[in-house]
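# Notes for the structure review
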Amino acid sequence: MRGIAAVLCGPTASGKSEFALRLAAELPVEIISVDSTQVYRGLDIGSAKPGLEARRRVPHHLIDIRDPAETYNAGEFVADAARLIDEIGARGRLPLLVGGTMLYLRALLVGMADMPAAEPELRTALDERAARFGWPALHAELARIDPEAASRIHPNDAQRIQRALEVYELTGTPISAWQRRTRPPTNVRFLCWALWPEDRVALGTRIRERFEAMLVNGWVKEVETLAARSDLTGREPALRAVGYRQWWDYVKGRCAYAAARQAALRATLQLVRRQLTWIRADTRWQRLDPFAPDACERWIAAVRRTPGVAC
């Protein structure tokens with residue numbers, strides 16, 4: 001199966017992991033996680049990381065490969081994913097990329113510009129400005145220098161606002177201009193499917209149910225364990241992940257439990273809207289309603305019918 005890879009993306013709580021494991025029960029599959037939070041050790045509950053039993057049953061890659069004090073970016077993901085796709089294909093198995101970090105997927109499928117590396121001192125300065133004025137104010141600043149990028153970034157998306165301003169301050173060139181200078185993607189044929197729930201009410205119900213289950217399973221305790229580390233400040237990319245940022249503020253005494261809970265759920269719903277917007281804007285995705293009868297069976301049959309995939 002060299003030179004071919006399947007991709008399954010979709011919004012949070014749409015059933016990507018369940019679909020992937022069912023495919024792996026019928027085809028020789030290895031899963032490559034496309035999740036910017038699951039790469040970090042110790043961020044298990046809030047990232048909906050696959051359990052150890054599932055990972056023993058089906059090989060999973062790019063999970064628990066970084067400490068939360070470290071960084072991981074789209075460029076590293078592309079390099080790692082390209083290497084893994086080749087290695088998995090050489091073993092006669094099908095690489096299956098599964099996740100909802102659409103920035104990573106776009107970088108892999110379309111390519112990415114050779115932008116400058118992160119500058120820690122500049123990031124700290126931007127964090128200080130945000131603490132003083134708020135991320136919406138920095139988003140307004142971005143809108144003045146790069147309206148194209150600002151139109152794609154939510155005013156509270158701290159990580160992407162920071163990166164866009166960082167690139168501009170380092171180079172004098174808007175990040176949107178850099179993004180147009182993409183390198184050719186890896187020479188792989190990607191089979192792209194997206195879970196696209198037609199019933200948004202049902203999706204919202206699943207999101208809220210999973211959110212509650214995470215709290216019952218100890219999500220806040222997980223963040224407390226991270227906050228007890230003397231080497232973590234809360235400014236690390238790992239701790240800016242959806243939900244973790246809000247619960248970090250709670251365990252540090254910056255807000256009440258109810259406020260953190262409301263903010264974390266709101267951030268999750270905002271993430272889902274961004275994920276759906278990415279999918280809607282990209283015609284390469286074959287949409288599949290995960291709530292439709294026999295949806296997974298039909299997807300598995302479609303994968304089987306694809307030339308180059310062993311049945």
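### Some points on the pairing of strand S2 (residues 29-34)
Most of S2 is tucked away: six of the six residues are buried. With burial as the criterion, each face of S2 is covered, one bearing Val29, Ile31 and Ser33 and the other bearing Glu30, Ile32 and Val34. As judged from the six bridges shared by S2 and strand S4 (residues 94-99), these two strands associate in the parallel manner. Residue pairing in the sheet places Val34 in a bridge with Gly99 of S4. Alignment of S2 against strand S3 (residues 60-61), held across two bridges, turns out to be parallel. Its bridge partner lying in S3, Ile32 is registered against His61. Crossover handedness for the path S2 to helix H2 (residues 52-57) to S3: right-handed.

### Concerning the pattern of salt bridges
For the structure shown, the criterion picks out 26 salt bridges. Here Arg83 ties to Glu87 by a salt bridge, and the two come within 3.5 Å at their closest N and O atoms. Separated by four residues within a single helix, Arg83 and Glu87 lie in helix H3 (residues 74-90), roughly one turn from each other. The partner of Asp249 in a salt bridge is Arg254, and the shortest N-O contact between them spans 3.0 Å. Several salt bridges converge on common partners, so that one network encompasses Asp44, Lys49, Arg55 and Asp64.

### Some points on the nonpolar core
Counting residues in each nonpolar core, the largest one holds 56 residues, and the members touching the most others are Phe77, Leu97, Phe190, Trp219, Trp247 and Trp285. Ignoring any residue separated from it by four or fewer positions in sequence, one finds Trp219 in contact with Ile45, Gly46, Phe211, Met214, Val242, Gly243, Tyr244 and Trp247. With 27 residues, the next largest nonpolar core counts Leu96, Leu195, Trp299 and Ala302 among its residues.

### Re the sheet that holds strand S5 (residues 189-195)
Sheet architecture is open: six strands sit in the order S3-S2-S4-S1-S5-S6, paired in parallel fashion. The outermost strands of the open sheet, each flanked by one partner alone, are S3 and strand S6 (286-288).

Cut-offs used in this document
Residues numbered from 1 in each chain as written. Predicted model: local features only at pLDDT ≥ 70, side-chain atom pairs only at ≥ 80, totals over all residues. Heavy atoms only, no water. Buried < 20%, exposed > 50% of the residue type's maximum accessible area, 1.4 Å probe, protein only. Helix = DSSP H or I, 4+ residues; strand = E, 2+ residues; numbered from the N terminus. Pairing = 2+ DSSP bridges. Right-handed = clockwise from strand over helix to strand, strands pointing away. Salt bridge = Lys/Arg side-chain N within 4 Å of Asp/Glu carboxyl O. Core = buried A, V, L, I, M, F, W, Y, C linked by side-chain atoms within 4.5 Å. Contact = heavy atoms within 4.5 Å.

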